[in-house]
Amino acid sequence: MYRQKYLFLLPGLLVLVAIILFPLLFTIRVSFSSWDVYNPGLNWIGGDNFTRLLADSRYWQALVRLSLLTLATVTLQYVLGFGLALLVWRDIAARRLFRVLFLVPMMTTPVVMSVIWRTIFHESLGPLNPILDALGIGAQPWLSQAGHALAAVMIVEIWQWTPFMFLMLLAGLLSLPQEPYLAARIDGAGPIRTFLSVTFPMMAAISTGAILIRLIEASKLMETIYVLTSGGPGTSTETTSYYIYIRGMRDFQIGYSAALSLTYLVVMIVSLTVIAKALTRMVVKD
Amino acid sequence: MLEIRSLSLVQDGDTCLDDVSIRFEPGQLTTLLGRTLAGKTSLMRAIAGLVQPDAGSIALDGTDWLGLPPWRRPVAMVTQQFINYPHLSVLDNVAFPLLRRGVARDEARDRARDMLGRVGLADFTDRRPGRLSGGQQQRVAIARALVKKAPVLLLDEPFVNLDYKLREGLREELIDILTAETGTMVVYASTDPREALQMGDRVVLLSEGRVVQAGPPRTVYGAPVSVAAAQVVSDPPINLLELDVAEEGAEVTGLGAVTPADLGRALPPGRYTLGLRAHDLRLGGPHAAHVALTEVSGSETVTHLVLAGQNLVMLERTVTEHALGATIGIGLDLTRARVFDATGTLVPNGADHG
């Protein structure tokens with residue numbers, strides 16, 4: 001009789017198989033095939049795709065670039081998000097208005113925002129360069145030089161996702177107990193020491209959560225690159241996801257892109273697990 | 001010496017402190033006694049710098065404190081709530097104020113460990129406060145306050161949220177520790193007259209943000225200067241009876257005619273209030289009173305009575321079960337009553353009895 005309970009698990013199990021297990025197993029199988037525009041199908045070629053990707057410097061460069069971009073943008077998002085959250089945490093004028101304003105970027109569709117930013121960064125038609133000119137800084141080759149293009153991608157990412165950090169950290173700040181602050185004032189801690197010794201450590205758990213979520217999300221960076229730079233100039237802003245997209249959807253090298261995807265998945269799982277454990281160890285000391 | 005002069009504080013339209021002036025002497029334990037919202041916590045918060053008074057001054061040995069932020073004032077404070085740093089170990093909690101004062105880490109930890117030993121927490125140094133019982137958490141807060149060796153130590157009803165047994169035990173331990181600390185000005189806030197009278201070298205009675213009386217505990221208890229002071233310092237509550245003295249005789253509302261012999265003294269004509277403590281009522285007497293409530297506490301019985309429409313409280317040093325609604329005969333020893341004039345001020349009699 002009790003076996004019937006497993007029947008109720010069946011719908012969930014089917015959905016799980018359909019959306020996670022089957023695509024994953026199929027991708028594994030495809031990665032061992034030569035499926036491309038000339039040879040469609042699951043022709044077994046062993047580990048040839050994996051041997052090829054080991055020598056694919058463009059892929060590894062994209063992975064390193066993605067890692068650096070992710071670390072830099074998430075760090076800046078955290079610092080800015082924390083700063084903004086601290087700003088509206090205490091009683092300041094128009095606090096509610098600021099709270100809503102700071103969230104606007106996150107409420108906008110990423111692709112739409114990227115199109116708007118592309119217009120802003122446009123070197124001859126965009127509004128940014130005339131402003132920089134007027135300020136005496138001079139027009140910048142935002143999307144036509146490698147360094148500038150990377151900076152442009154970072155600006156858009158930070159602008160788009162700092163509100164997420166802001167929201168998470170503000171929620172954390174608002175949930176902090178007030179008593180330790182009273183104790184800190186009596187115990188001789190000024191505002192800066194109170195932040196370093198009370199606020200920051202008490203925010204460690206929520207900070208870890210927010211950073212991990214953003215690291216996972218940022219490691220999938222794709223649409224901003226697609227709309228803003230298309231990986232260019234050259235391959236200077238190409239990230240792993242974008243490179244896999246090019247190999248799979250533009251060059252139609254399905255077998256090879258499946259091998260790239262699987263390798264990327266393993267690298268991400270391993271590195272994010274290591275980061276998560278390191279961050280968690282910092283938070284839970286006892 | 002910590003001197004407070006004409007301190008006033010209004011918050012959200014409520015007068016928390018009204019022209020408060022007190023002096024705290026080094027090595028003295030002063031108890032602030034008052035009911036809830038009497039101004040005890042407001043006064044302590046003003047001393048600590050957690051609120052800015054609207055008027056008046058606070059000075060330590062002649063140095064003005066009002067311009068100093070709380071973290072620059074040499075004050076330690078323990079509050080009603082068990083306030084600790086939840087993210088730090090017990091040892092680091094106690095070492096925290098020392099580190100803020102620039103004490104080297106190793107020395108701070110040694111001193112913290114020593115203080116934790118004195119409050120009986122030597123075996124809990126590595127735990128977080130959240131994993132301790134309420135009494136232990138408050139010991140951590142007390143250790144953190146004491147380890148600073150600040151010249152001013154503020155204790156704002158530190159044991160009020162603990163159970164009776166623990167409260168008694170911790171209070172005795174604290175007195176032992178404080179006795180060893182010489183030169184510290186200890187200010188202890190309490191709503192419990194018995195506690196205040198036991199603990200302090202000096203008692204300051206507060207009512208509605210004002211100081212109504214200050215002095216040695218025996219003096220304050222024996223001769224409360226006003227009705228307000230008598231109410232604050234009496235537990236169980238003092239019985240207040242209206243007395244009318246005329247040329248042709250005197251009468252106490254509810255009791256009838258009384259003679260100067262009943263009162264133990266002659267009074268000029270006028271309206272008075274008699275303050276009669278609960279232990280000055282006795283079972284067995286000419287007045288018939290109805291029992292409204294009986295509270296047995298330990299070896300004592302507090303009985304709430306209604307006598308001719310007046311509510312009275314009687315304290316017996318035995319356990320007595322009076323049936324609710326029963327009529328019992330009681331006697332009132334009016335010679336022991338404090339007499340207050342129409343303005344509520346004590347009319348002295350020379351006698352100073354308990």
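This one's a predicted model, so the numbers in the text were calculated from it and none came from an experiment. The written sequence of each chain sets the order in which its residues are numbered from 1. All chains are assigned letters beginning with A, and all ligands numbers beginning with 1, in the order in which they are written. Totals for whole chains, interfaces and linings use every residue, but because this is a predicted model, local features are given only for residues with pLDDT of at least 70 and side-chain atom pairs only at 80 or more, for both listing and counting. Side-chain figures throughout are based on the complete set of non-hydrogen atoms in the structure, without hydrogens or water.

**Remarks on the overall build of chain A**
For step 1, the next point in the chain: The secondary structure listing takes helices from DSSP runs of H or I that are at least 4 residues long and strands from runs of E that are at least 2 residues long, numbered from the N terminus. When its secondary structure is counted, chain A shows 13 helices and 0 strands.
For step 2, the next point in the chain: Reading the secondary structure of chain A in the N-to-C direction produces α-α-α-α-α-α-α-α-α-α-α-α-α.
For step 3, the next point in the chain: Each principal axis of the C-alpha distribution contributes one length, and for chain A these read about 75 × 75 × 30 Å.
For step 4, the next point in the chain: Counting over 286 residues, chain A shows a buried share of 40%.
For step 5, the next point in the chain: By definition in these notes, contact holds between two residues if any of their heavy atoms fall within 4.5 Å. Sequence separation of at least 24 residues holds for 68% of the intrachain contacts in chain A that already meet a minimum separation of 6.
For step 6, the next point in the chain: Note that accessible areas follow from Shrake-Rupley with a 1.4 Å probe, and for residues the cover is restricted to the protein chains shown. Total accessible area on chain A stands at roughly 15,500 Å², and carbon and sulfur atoms take up 72% of it.
For step 7, the next point in the chain: Positive and negative side-chain charges of chain A, numbering 20 and 14 respectively, have mean locations separated by a distance of 8 Å. With a 1.4 Å probe rolled over the protein chains alone, any residue whose accessible area is under 20% of its type maximum counts as buried; one over 50% counts as exposed, and the rest are partly exposed. Charge counting treats Lys and Arg as positive and Asp and Glu as negative, with His and both chain ends excluded. We put the charge of a Lys on NZ, of an Arg on CZ, of an Asp on CG and of a Glu on CD.

**A look at the nonpolar core**
Residues and elements named next belong to chain B.
For step 1, the next point in the chain: For our purposes a nonpolar core is just a set of buried Ala, Val, Leu, Ile, Met, Phe, Trp, Tyr and Cys residues, chained together by side-chain atoms within 4.5 Å. Membership of the largest hydrophobic core comes to 36 residues, with the highest contact counts inside it found for Val-94, Leu-116, Leu-153, Leu-155 and Leu-178.
For step 2, the next point in the chain: Listed by contribution, the elements that provide at least two residues to this core are β6 (75–78), α2 (90–100), α3 (105–118), α4 (134–147), β7 (152–156), α5 (164–180) and β8 (185–190).
For step 3, the next point in the chain: For this core, the element with the most residues is α4, which contributes 7 residues.
For step 4, the next point in the chain: Here Leu-155 is in contact with Met-44, Val-78, Leu-174, Leu-178, Val-186, Val-187, Tyr-188 and Ala-189, once residues within four sequence places are set aside.

**Things to note about the environment of B:Glu195**
All names here are of chain B.
For step 1, the next point in the chain: Within the secondary structure, Glu-195 sits in helix α6 (residues 193–199).
For step 2, the next point in the chain: Of the polar contacts made by the side chain of Glu-195, one reaches the side chain of Arg-171; its length is 2.8 Å.
For step 3, the next point in the chain: For this analysis, a polar contact is any N or O atom pair within 3.5 Å, provided that within protein one partner can donate a hydrogen and the other can accept it, and provided that sequence-adjacent residues contribute only side-chain to side-chain pairs. Within the structure, the side chain of Glu-195 is placed 2.9 Å from the side chain of Tyr-188, a separation counted as a polar contact.

**Considerations on the packing of aromatic side chains**
For step 1, the next point in the chain: Paired rings are identified among Phe, Tyr and Trp, the last through its six-membered ring, by centres lying within 6.5 Å, and are further divided according to the angle between planes into stacked (under 30 degrees), edge-to-face (over 60) and tilted (the rest). Considering all chains together, one arrives at 21 aromatic pairs over all chains under this definition.
For step 2, the next point in the chain: Between A:Tyr59 and A:Tyr243 the ring centres are 6.3 Å apart and the planes differ by 40 degrees, which places this aromatic pair in the tilted class. On the criterion of sequence distance, the pair formed by A:Tyr59 in helix α3 (residues 57–89) and A:Tyr243 in helix α12 (residues 240–250) is long-range, its members being 184 residues apart. Each of the two residues, A:Tyr59 as well as A:Tyr243, counts as buried.
For step 3, the next point in the chain: Where A:Phe195 meets A:Phe200, the ring centres are 6.0 Å apart and the plane angle is 45 degrees; that geometry is what we call tilted.
For step 4, the next point in the chain: Its relative accessible area of 25% is what places A:Phe195 among the partly exposed residues.
For step 5, the next point in the chain: In this structure an aromatic cluster arises from ring pairing among A:Tyr78, A:Phe82, A:Phe195 and A:Phe200.
For step 6, the next point in the chain: Consider the ring centre and the ring normal. A charge sits over the ring if Lys NZ or Arg CZ is within 6 Å of that centre and within 35 degrees of that normal. One cation-aromatic arrangement involves A:Arg52 over A:Tyr256; the distance from NZ or CZ to the ring centre is 3.6 Å.
For step 7, the next point in the chain: Of note, B:Arg277 hangs over the ring of B:Tyr221, and the distance from its end group to the ring centre comes to 3.8 Å.

**Considerations on the sheet that holds strand β15 (residues 281–297) of chain B**
Residues and elements named next belong to chain B.
For step 1, the next point in the chain: For two strands to be treated as a pair, DSSP must find no fewer than two bridges joining them. With antiparallel pairing, the 4 strands of this open sheet are ordered in space as β17-β16-β15-β18. Bordering the open sheet on either side are β17 (310–316) and β18 (327–332), each of which pairs with just one other strand. Strand-to-strand twist in this sheet, taken as the mean axis angle between neighbours without regard to direction, amounts to 50 degrees.
For step 2, the next point in the chain: Here 7 bridges tie β15 to strand β16 (residues 300–307), and the two strands are oriented antiparallel to one another. Bridging across to β16, Ser-297 finds its partner in Glu-300. To get an axis, a line is fitted to the C-alpha atoms, and for a helix only the part in contact is used. The angle between two axes follows their N-to-C directions and goes from 0 to 180 degrees.

**Here's the deal with α3(B)**
Residues and elements named next belong to chain B.
For step 1, the next point in the chain: By definition here, a helix of n residues has an expected span of 1.5 Å times n minus one. Taking 1.5 Å of rise per residue, the 14 residues of α3 would be expected to cover 20 Å, and the 20 Å separating its terminal C-alpha atoms lies within 8% of that figure.
For step 2, the next point in the chain: Of all the positions in α3, only Ala-108, Ala-112, Met-115 and Leu-116 are classed as buried. Angularly, the buried residues of α3 cover 100 degrees about the axis, an arc narrow enough to put them on a single face.
For step 3, the next point in the chain: In this structure, the buried side of α3 is in contact with α2 and α4.
For step 4, the next point in the chain: Downstream of α3 by a residue or two, Gly-120 has a phi angle that is positive, lying close to 80 degrees. Along the arc lie the directions from the helix axis toward the C-beta atoms.

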